[in-house]
Amino acid sequence: MLGQDLCSVLQSQWDVYGLSREQLDIAQYLRVDEVLKKIKPAVVINAAAYTQVDNCETNQEEAYRVNALGPRNLSVVCQQIGAALVQISTDYVFDGKGTQPYDEYSPTNPLGVYGKSKLAGEELVKTLTNRYYIVRTAWLYGKNGNNFVKTILRLAAEREYLTVVDDQTGCPTYTKDLAAAIAELLEQPGSYGVYHFTNSGSCTWYEFAREILKIAGIEKDVRPIKSHELNRPAPRPHYSVLANNLGPLNGVKPLREWQQALKEFLNEIKLMGD
């Protein structure tokens with residue numbers, strides 16, 4: 001989802017190599033070493049991750065293989081060839097017990113295996129290379145791949161009513177906007193560090209679902225429920241709003257309001273006939 005939008009956005013300024021898992025399994029060090037030393041990139045962006053939050057709880061080995069060892073391998077080779085590394089991370093590195101937006105230097109404390117494996121990846125990147133951008137983001141949706149927006153539209157066509165949790169608050173983020181922000185960041189010389197990039201504003205999943213249907217012009221009964229009613233294996237942060245502080249300080253303009261981004265996305269997929 002994000003990877004394809006990154007390729008689209010970056011190709012006007014860079015020679016871009018978009019590599020699938022079949023072409024480059026980042027968890028295999030020798031393969032990473034071979035491919036990167038052949039291409040000799042100036043920048044490597046790691047948009048690969050094991051993101052199935054509940055499955056991470058039962059498949060911890062795979063979660064750490066992809067989310068920790070993968071970034072480690074990329075970091076080691078990037079350091080050797082002098083390439084910068086952009087590591088995409090997540091709001092799940094925070095426990096969600098706060099009530100104010102988490103900035104780039106807020107203490108991390110992940111609740112589940114997904115967040116812990118992503119934080120391990122962050123720490124390995126920080127330790128093993130000195131030219132890194134760690135970009136934390138949240139609640140991604142875009143035209144490629146499955147996501148919450150597409151799921152809500154599909155379920156609205158299938159069900160009499162929808163139930164959506166109203167006790168998790170975060171920042172819906174359009175992958176096209178995130179890709180543009182990353183492209184902008186790469187134009188700022190020497191701007192290495194940890195960043196939070198999400199669309200502006202925040203909402204609950206329930207509010208997000210209602211806005212999706214409202215913009216799409218679909219009348220559907222949406223009922224709020226609590227997270228515990230879903231009985232899912234992985235704990236979720238209840239409040240994971242990210243403060244996007246360092247981007248503007250380094251020349252990256254704030255991302256637009258999430259409602260504006262959502263409206264553009266829904267118009268795009270309507271034109272695509274999705």
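Placed above this text is the structure.
(A) Region of interest: empty space enclosed by the protein. The full count for this structure, using the stated rule, is three cavities of 30 Å³ or more. Looking at the largest cavity, its volume works out to about 50 Å³. If you go around the largest cavity, the residues you meet are V53, Y92, F94, L111, G112, Y114, G115, P235 and P237.

(B) Here's a closer look at helix 4 (residues 60–81). Here helix 4 spans 31 Å end to end across 22 residues, near enough to the 32 Å set by a 1.5 Å rise per residue. Of all the bends in helix 4, the largest measures some 30° and sits at L69, one to four residues before the proline P71. Listed as buried for helix 4 are A63, V66, N67, A68, G70, P71, N73, L74, S75, V77 and C78. For helix 4, the elements touching its buried residues are helix 2 (29–39), strand 1 (43–46), helix 3 (53–58), strand 2 (84–90) and helix 5 (113–128). Count one or two residues on from helix 4 and you reach G82, which has phi positive near 75°.

(C) Expanded view of the environment of Q259. Along the polypeptide, Q259 turns up in helix 10 (residues 258–272). Given a relative accessible area of 32%, Q259 falls into the partly exposed group. For the pair Q259 and G201, spaced 58 residues apart in sequence, the C-alpha to C-alpha distance is 8.5 Å. Residues within four places of Q259 in sequence aside, it is in contact with E211 and I215.

(D) The pattern of salt bridges, seen in detail. Counted according to the given criterion, the structure contains 16 salt bridges. A salt bridge links R136 to E122; the nearest nitrogen and oxygen atoms lie 2.8 Å apart. With a gap of 14 residues between them, R136 in strand 3 (residues 132–137) and E122 in helix 5 connect regions that are remote in the sequence. Residue classification places R136 among the buried residues on the basis of a relative accessible area of 2%. Taking relative accessible area as the criterion, E122 reaches 0% and is therefore assigned buried. In this structure, the salt-bridge partner of E264 is R256, at a minimum N-O distance of 2.8 Å. Under the relative-accessibility criterion, E264 is labelled partly exposed at 27%. Assessed through its relative accessible area of 26%, R256 is described here as partly exposed. Salt bridges sharing partners connect three or more residues here, namely K176, D177, R256, E264 and E268.

(E) Geometry of the side chain of T173. Along the chain, T173 falls in strand 7 (residues 173–174). Separated by 3.0 Å, the side chain of T173 and the backbone oxygen of C171 make a polar contact. What T173 contacts, discounting residues up to four positions off in sequence, is T137, A138, W139, L140, Y141, L178, F197, T198, N199 and L255.

(F) Focus on the packing of aromatic side chains. Throughout the structure, instances matching the rule amount to 14 aromatic pairs. If you follow R223 out to its NZ or CZ, it ends over the ring of Y161, 3.6 Å from the centre.

(G) Region of the structure containing the pairing of strand 2. Extensive coverage of strand 2 is indicated by the burial of seven of its seven residues. Residues A84, V86, I88 and T90 of strand 2 are buried on one face, and the alternating residues L85, Q87 and S89, pointing to the opposite face, are buried as well. Note that strand 1 and strand 2 share four bridges and pair parallel. By the bridge assignment for strand 2, I45 is matched with V86. Pairing of strand 2 with strand 3 involves six bridges; the strand directions are parallel. Of the residues in strand 3, the one forming a bridge with S89 is R136. For the crossover from strand 2 across helix 5 to strand 3, the handedness is right-handed.

(H) Highlighting the packing of helix 2 against helix 4. For the pair helix 2 and helix 4, the least separation of the axes is 9 Å and the interaxial angle reads 35°. Judged by the sense of rotation from one axis to the other, the crossing of helix 2 with helix 4 is right-handed. Across the interface between the two elements, Y29, V32, D33, L36 and K37 from helix 2 touch N73, L74, V76, V77, C78, Q80 and I81 from helix 4. Residues of the contact of helix 2 with helix 4, tallied by class, amount to eight nonpolar, two polar and two charged.

Criteria and thresholds
Residues numbered from 1 in each chain as written. Predicted model: local features only at pLDDT ≥ 70, side-chain atom pairs only at ≥ 80, totals over all residues. Heavy atoms only, no water. 1 Å grid on protein atoms, 1.4 Å probe; cavity = no way out; pocket = protein on both sides within 12 Å on 5 of 7 lines; lining within 4 Å. Points joined across faces, edges and corners; volume = space filled by probe spheres on them. Helix = DSSP H or I, 4+ residues; strand = E, 2+ residues; numbered from the N terminus. Expected span 1.5 Å × (residues − 1). Bend = angle between axes of the 7 residues up to and from the residue. Buried < 20%, exposed > 50% of the residue type's maximum accessible area, 1.4 Å probe, protein only. Contact = heavy atoms within 4.5 Å. Salt bridge = Lys/Arg side-chain N within 4 Å of Asp/Glu carboxyl O. Polar contact = N/O pair within 3.5 Å; in protein donor to acceptor, adjacent residues only side chain to side chain. Phe/Tyr/Trp six-rings, centres within 6.5 Å; stacked < 30°, edge-to-face > 60°. Lys NZ or Arg CZ within 6 Å of the ring centre and 35° of its normal. Pairing = 2+ DSSP bridges. Right-handed = clockwise from strand over helix to strand, strands pointing away. Axes fitted to C-alpha atoms, helices over the stretch in contact; angles between N-to-C directions. Left-handed = near helix turned anticlockwise from the far one by under 90°. Nonpolar A, V, L, I, M, F, W, Y, C, P; charged D, E, K, R; others polar.

No statement about biological role is implied by the geometric values presented.
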